[in-house]
Amino acid sequence: MLLADDFAGLPPTQVISAEWDVLRDDSAGLVEKLKASRVSCTHVHYTRATHGFFPFPTIGSGTDAMREFVGFVREVTAGPTHTVPTTQQTTVFKDLQDE
């Protein structure tokens, strides 16, 4: 997917990444390409998280990440009355230090 030149026309996208993930740089690259193509993108980056933390609620903030994802899906599938600006770009950093 990162080899595509243009991502225009893709639906709103959420990228969830972890600090200690072998795919972290690919996630950041995807977010930059989505921004360049003016695709609505939310990037949630979890510091102190490892690859694969997302589906496991007992590992760090897996439950929080799952809630983020479910909320995002609900938001973008809310129906025809909901609109997401195509230029919306958000990056959130979550620290797992206290968990």
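For the structure, see preceding data.
Residues numbered from 1 in each chain as written. Predicted model: local features only at pLDDT ≥ 70, side-chain atom pairs only at ≥ 80, totals over all residues. Heavy atoms only, no water.

Q: Quick question: what am I supposed to make of the overall build of the chain here?
A: The number of helices and strands found in the chain is two helices and three strands. The secondary structure elements of the chain, listed N-terminal to C-terminal, are β-α-β-α-β. Residues counted as buried form 28% of the 99 residues belonging to the chain. Partitioning the contacts of the chain with sequence separation of at least 6, the portion at a separation of at least 24 is 76%. When the accessible area of the chain is evaluated, it comes to approximately 6400 Å², of which 56% is carbon and sulfur surface. (Helix = DSSP H or I, 4+ residues; strand = E, 2+ residues; numbered from the N terminus. Buried < 20%, exposed > 50% of the residue type's maximum accessible area, 1.4 Å probe, protein only. Contact = heavy atoms within 4.5 Å. Areas by Shrake-Rupley, 256 points an atom, 1.4 Å probe, with all protein chains shown as cover.)

Q: Explanation requested: the packing of aromatic side chains in the structure shown.
A: When we look at a pair of aromatic rings, we describe it by the centre distance and by the angle of the planes. In total, this model carries two aromatic pairs according to the counting rule given. A centroid spacing of 5.0 Å and a plane angle of 55° characterise the contact between Tyr46 and Phe53, whose relative ring orientation is tilted. What makes Tyr46 buried here is its relative accessible area of 0%. Between Phe54 and Phe69, the aromatic rings sit 5.9 Å apart at their centres with planes inclined by 85°, giving edge-to-face as the arrangement. Note that Phe54 is positioned in the loop between strand 2 (41-50) and helix 2 (62-76) and Phe69 in helix 2, a separation of 15 residues in sequence. (Phe/Tyr/Trp six-rings, centres within 6.5 Å; stacked < 30°, edge-to-face > 60°.)

Q: Any chance you could explain the nonpolar core here in plain terms?
A: The nonpolar side chains of a soluble globular protein tend to be buried, and buried together. Residues Phe7, Val15, Leu30, Val31, Leu34, Val39 and Cys41 constitute the largest nonpolar core, which totals seven residues. Ignoring sequence-local partners within four residues, the contact set of Val15 consists of Ser27, Leu30, Val31, Leu34, Cys41, Thr42, His43 and Val44. The next biggest cluster of nonpolar side chains, apart from the first, holds six residues, and it includes Val44, Tyr46, Ala49 and Phe53. (Core = buried A, V, L, I, M, F, W, Y, C linked by side-chain atoms within 4.5 Å.)

Q: It is not clear to me how the environment of Gly62 should be interpreted in this structure. Could you clarify?
A: Along the chain, the position of Gly62 falls in helix 2. Exposure remark for Gly62: the relative accessible area of 2% places this residue in the buried category. Distance in space between the C-alpha atoms of Gly62 and Ala49 is 9.1 Å, their sequence separation being 13 residues.

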